[in-house]
Amino acid sequence: MYVGIILGLIMFLFVACGSSQDNMFSSSEWETSVATPAVPRSVATSELYMSWSEVADDSEMGHVDWEDVAGTAVRHIIQTANVELETEYFDEVVTTLRQLAPNVNGYVESEMLSVQNRRRFTIVLRVPSVYFDTVLRQVENLADVRATTQRAEDVTDRFYDMASSLETRRIEEVRILELIDTTQNISELLTLESRLSNTRQVIQQYEAQLNNLAGQIAYSTIIVHLQDISQQATIIAAPTLGERIGGAFGDSVDTTVNGFQNIIVFLAGAVIPLTILGLITFAIYRIIRTVHKKLTPSRP
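Just so you know, these numbers come straight off a predicted model, no measurement behind them. (Residues numbered from 1 in each chain as written. Predicted model: local features only at pLDDT ≥ 70, side-chain atom pairs only at ≥ 80, totals over all residues. Heavy atoms only, no water.)

## Description of the packing of helix α6 (residues 156-182) against helix α7 (residues 186-218)
- For the pair α6 and α7, the least separation of the axes is 9 Å and the interaxial angle reads 155 degrees. By the angle between their directions, the pair α6 and α7 is classed as roughly antiparallel. Considering the relative orientation of α6 and α7, their crossing is left-handed.
- Class assignment of the residues belonging to the contact of α6 with α7 gives a composition of 18 nonpolar, three polar and nine charged. (Axes fitted to C-alpha atoms, helices over the stretch in contact; angles between N-to-C directions. Helix = DSSP H or I, 4+ residues; strand = E, 2+ residues; numbered from the N terminus. Parallel < 35°, antiparallel > 145°, perpendicular 65-115°, else oblique. Left-handed = near helix turned anticlockwise from the far one by under 90°. Nonpolar A, V, L, I, M, F, W, Y, C, P; charged D, E, K, R; others polar.)

## A short note on a nonpolar patch on the surface
- On the surface, a nonpolar cluster with roughly 650 Å² of combined accessible area is contributed by Phe260, Ile263, Phe266, Leu267, Leu274 and Leu277.
- Position of phenylalanine 266 among the secondary structure elements: in helix α9 (residues 241-295).
- We classify phenylalanine 266 as exposed; its relative accessible area is 56%. (Patch = residues over 30% accessible without salt bridge, like charges linked within 9 Å, V, L, I, M, F, W, Y side chains within 5 Å. Areas by Shrake-Rupley, 256 points an atom, 1.4 Å probe, with all protein chains shown as cover. Salt bridge = Lys/Arg side-chain N within 4 Å of Asp/Glu carboxyl O. Buried < 20%, exposed > 50% of the residue type's maximum accessible area, 1.4 Å probe, protein only.)

## Re the side chain of threonine 199
- In this fold, threonine 199 is placed in helix α7.
- When its relative accessible area of 2% is taken as the criterion, threonine 199 is described as buried.
- Within the structure, threonine 199 has its side chain in polar contact with the backbone oxygen of arginine 195 (distance 2.8 Å).
- With residues up to four places along the chain from it excluded, the contact list for threonine 199 reads Arg169, Glu172, Glu173 and Ile176. (Polar contact = N/O pair within 3.5 Å; in protein donor to acceptor, adjacent residues only side chain to side chain. Contact = heavy atoms within 4.5 Å.)

## Re the environment of tyrosine 131
- Relative to the assigned elements, tyrosine 131 resides in the loop between β3 (119-128) and α5 (132-140).
- Counting along the chain gives 88 residues from tyrosine 131 to tyrosine 219, while the straight-line C-alpha distance between them is 9.1 Å.

## Notes on the pattern of salt bridges
- A full pass over the atoms with the stated rule returns 13 salt bridges.
- Measuring nitrogen to oxygen at the nearest pair gives 2.9 Å for the salt bridge that ties arginine 119 to aspartate 228. With arginine 119 in strand β3 and aspartate 228 in strand β5 (residues 219-228), the pair connects residues that are 109 residues apart, well separated along the chain.
- Taking relative accessible area as the criterion, arginine 119 reaches 26% and is therefore assigned partly exposed.
- Between arginine 158 and glutamate 153 there is a salt bridge whose closest N-O contact spans 3.4 Å.

## A look at the packing of aromatic side chains
- If you walk through the whole model with that rule in mind, you get three aromatic pairs.
- On the basis of an interplanar angle of 85 degrees and a centroid distance of 5.3 Å, the ring pair of phenylalanine 159 and tyrosine 160 is categorised as edge-to-face.
- Relative accessible area serves as the criterion here: at 32%, tyrosine 160 is assigned to the partly exposed category.
- Through a chain of ring-to-ring contacts, the aromatic side chains of Trp66, Phe159 and Tyr160 assemble into a single cluster. (Phe/Tyr/Trp six-rings, centres within 6.5 Å; stacked < 30°, edge-to-face > 60°.)

## Observations concerning α6
- Given a rise of 1.5 Å per residue, 27 residues ought to cover 39 Å, and the 40 Å separating the end C-alpha atoms of α6 matches this to within 8%.
- The secondary structure elements touched by the buried residues of α6 are α3 (66-70), β4 (144-154) and α7. (Expected span 1.5 Å × (residues − 1).)

## Some details on the sheet that holds β3
- Pairing is mixed across the open sheet formed by five strands, whose spatial order is β2-β3-β5-β1-β4. Across the chains shown, the open sheet's two edge strands, defined by having one partner strand only, are β2 (107-115) and β4. Taking the axes of each pair of neighbouring strands and ignoring which way they run, one obtains an average angle of 10 degrees across the sheet.
- Relative to β5, strand β1 (residues 77-87) runs parallel, the two being bridged by eight bridges. Pairing of valine 83 across the sheet is with valine 224, part of β5.
- In the packing of helix α4 (residues 90-103) onto the sheet, contacts are made with β1, β2, β3 and β5, and the angle to β3 comes to roughly 20 degrees.
- Packing against the sheet, α5 makes contact with β1, β3, β4 and β5, and its axis sits at approximately 10 degrees to β1. (Pairing = 2+ DSSP bridges.)

## So, the environment of arginine 126
- Residue placement: arginine 126 occurs in strand β3.
- Accessibility expressed as a relative area gives 8% for arginine 126, which makes it buried.
- The sequence separation of arginine 126 and leucine 100 amounts to 26 residues, and the corresponding C-alpha distance is 9.7 Å.
- When neighbours within four sequence positions are excluded, arginine 126 is seen to be in contact with Ala101, Gly106, Tyr107, Glu109, Gly215, Gln216, Tyr219, Ser220 and Thr221.

As structure tokens, this is what we get:
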């Protein structure tokens, strides 16, 4: 009997060990299946990079590092253009204008739509400088051109003068840091730290100005003013007889009220001078009357 019990325990342990090994294998297999991507690693990485780069380009559109511009051996020109257009196909032209800059890796900086007697749309396009003339011609071909003005500003000297000043400040920053590392005097240390703070502030200002200048150099500006000249945009409903009568009556009431208000304001401003003038007049009258009584002989 004891032999049977012992054999049963041995069989139970054997089955339990086998079951645990199967569970361990299935668990590791599950982890491997989760960790392994469904597509090859190279493809997945490429797709993720393309998606990120497109978002990054959109979020940083127009930002240009000035050092990239400084590395070119050409004159640095800021190109701008103002174009005034008019068209009967207002909506279609607006849609096309919004697409011109993105088509050449540019962007729309701002836009504004105003509606008065006519619809008027203003859009600011920022396009890479190499596409400036191309996009400008495309804009002019979209509608009837009323006026076009272009301006090219050579900022090469200003750009490199600013870059030179920035380099001088950076050298100054390095030297101040070296002095801070070697000085033992607390007073000198505080002075050097103050100079370092001022120098770094100037460096940041130069870098911001250079980056802004580089952005204007790399991305030219085209400002478009579009006016709607379609018939439906210029129709103004004539006022009815009732509206004309109501308007005339309202104008009459406004004129009357304004007249009374002007009189009240005048009297409020003249009350003191009129009071003084009345007192003086009354005093003169009394004096004249008294003198007249003295000069006039009394009747018997």
